Amino acid sequence: MAASILLPATEIPVSLFRKILFIPFAIRTRGRADALVSGEDLVGALSAVLDQQAGTKAWCQVSDPVRHLPEDAQATGTGLAEAYQEFVYFEPYVHRFLYGDPTTPQAGAPVRLYRRQDIRALDFAIPDWKVPPETWPRYRLRVERLNLYLFDTGNAILAVELAFDADLARQANAAQVTPAYREQITLKEALDIVESLRRTYPPFFDNRDGVLQARYPASLTWVTDTNAPTAFDPCLGHDAIGYIDHALNRRCPPMHPTWRALLKPAGGSGLPLEGYDTDGKVVLAQTGDDRAPFLLTVAVPDPTAISRPDWIRLCFADTPGDSNDYSYAEDFLDSFERDHCYDRFWQPGSYWKNTRYLVCGFGLTAVGQWDGQLDGFNYFRDVAAGHLRRHYFQLLLIAHFQKVALLTLSDRLSQSLRRNESFAEDARAIQKDILRLTNRYWFEDISAQLQGQELFTLIRKHLRTREVYDQLAREVSETNAILNNDEQLRVALGTERLNKVAYPGLILAVITGFFGMNFFEASALKPQTVPWLLIVLALAVIIFLGIHTWFGGLQKWLERLPAKRVWWGAIAVLVFGLFLLPLVG
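The rules behind the values
Residues numbered from 1 in each chain as written. Predicted model: local features only at pLDDT ≥ 70, side-chain atom pairs only at ≥ 80, totals over all residues. Heavy atoms only, no water. Helix = DSSP H or I, 4+ residues; strand = E, 2+ residues; numbered from the N terminus. Buried < 20%, exposed > 50% of the residue type's maximum accessible area, 1.4 Å probe, protein only. Contact = heavy atoms within 4.5 Å. Areas by Shrake-Rupley, 256 points an atom, 1.4 Å probe, with all protein chains shown as cover. Pairing = 2+ DSSP bridges. Salt bridge = Lys/Arg side-chain N within 4 Å of Asp/Glu carboxyl O.

## Focus on the overall build of the protein
- Check the secondary structure of the protein and you find 18 helices and 14 strands.
- Looking at the protein residue by residue over its 585 residues, the buried ones come to 49%.
- Considering only intrachain contacts with a sequence separation of at least 6, the fraction spanning at least 24 residues in the protein is 70%.
- Counting every atom, the protein has about 28,100 Å² of accessible surface; 56% of that belongs to carbon and sulfur.

Structure (structure tokens):
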């Protein structure tokens, strides 16, 4: 394969387009459910919500995480060969995390997997406000995976896999009165889809003739019946006022109605969302910003025809533009190949080394050659494309899990400071989750394969996972220092209280020391009233102070009482008692 001349993105057809979104969430308590502090409690409460769905369950638990792809559900024997290859790719400690232990109940697994299988496709259009909506390019992508991962650190990731299918587009056009779906896409259109179809809500609005328009795909719709015609609504999800009111009045990010419908179907039960649901103990709260991390697979007839500016757009999910013009300053991009390209199997002109990986903080993109072969073999088509759906999906899932888990635990630790009365207990429960993450789920190496090691390291570098981990470690260290100081202070105050309670006992000690231990039997005291009153008074004072020191309102007063005053008070009572002794006698 000889190196080709560079072509504009509009002239490069795309043979394979597959995009997997990783939408991260934190599981948070709501209302009076503050007792749910540990990650296991939070996941257990959310799992209970999913397990108790009324009617037909939209989200069903997957009993065996090894079969995380829908096509694995009923497969047997050699049909599970790809699942086998994925399994042995990782280290044993990664097996325990991703796939669990068959002998351990699902409730105790580090990851719980739920799946939806009733959605077949996703319809949308890319808005172009310069032309009428009916002329906007429309697309139908096949939904290949809808998985929800619940982690016992108190967070979740929704994985959505979408793929362009020309046959599906032709089927959709056959069901329409006027064909509207693209049956072939170019690299320019692929860039459009990548940039627009990764947001759970619009980040800002365009002011067009005094009307705020959301920067978002139009008529975004989940399709359950691919043979039925679908309505086109260019205004769906473009209500700027609704997004603004939600964010400013409820103090949490909004979510596009189509994504809400995925998590919680209309007329049914599903996942409670922060800012939208007021029932239940826990909610899913969006983390990060509007952009979901992604894994993108693109195949073209000849990748060497892609210009450097378009390589950069593919890496950073930028909008398409002039293939000869950069999206950023050229000096800023001097180190692009060194910092963002993984070229172990990239050599222009080779059928074997025809795959390039692009890495940034929010995405992993693989671009390869689909056409052509050498001795019946094409590396990208026959190896890399399948591995991306399995091996590298799991690799990216772990990388983003670690990042969102660190952020979630840091947030929970800071929120525990707001509950002064239970801070110590809450902080210790959260620290157990942090310890679990550090000792069981913090992987520096996840595979013995060099490419897996190197890609995982590069992804974590761009995610700044190590820096976030170090920050959380400092927070834990400072929290431990506070808890240790509080414990030492509590012990010291307890000792001081005990001493203060003992001071009035000096009175009784003086009385028993003067009269002897058998003064209750002394016949001389029996007819006397005053000594008995003194004894009863002293005992009453001791019991009263003891009870209120440990359980009552005098505790704080005694903590503030200077020790010298206590001593002077005890001496005064002693002198007063000695003064009364001659009168008693």
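## Things to note about the pairing of strand β8 (residues 211–214)
- The pairing of strand β7 (residues 205–208) with β8 spans four bridges and is antiparallel. Bridging across to β8, D206 finds its partner in Q213.
- Hairpin geometry of β7 and β8 is characterised by an intervening segment of two residues between the two adjacent antiparallel strands and by a positive phi of about 55 degrees at D209.

## Observations concerning the pattern of salt bridges
- Scanning the model with the defined rule gives 36 salt bridges in all.
- One salt bridge in this structure joins K264 and D277, with 2.5 Å as the shortest N-O distance. Of this pair, K264 sits in the loop between α7 (257–263) and β10 (282–286) while D277 is found in the loop between α7 and β10, placing the two residues 13 residues apart along the sequence.
- On the basis of relative accessible area, D277 is assigned to the buried category, the value being 18%.
- Note that R460 is salt-bridged to E444, the shortest N-O span being 2.9 Å. Taken together, the residues span a long stretch of sequence, with R460 in helix α13 (residues 450–463) and E444 in the loop between α12 (423–441) and α13 at a distance of 16 residues.
- Residue classification places R460 among the buried residues on the basis of a relative accessible area of 9%.
- Each of R18, E71, R142, E144, R145, E161, D165 and R389 takes part in one network of salt bridges that share partners.

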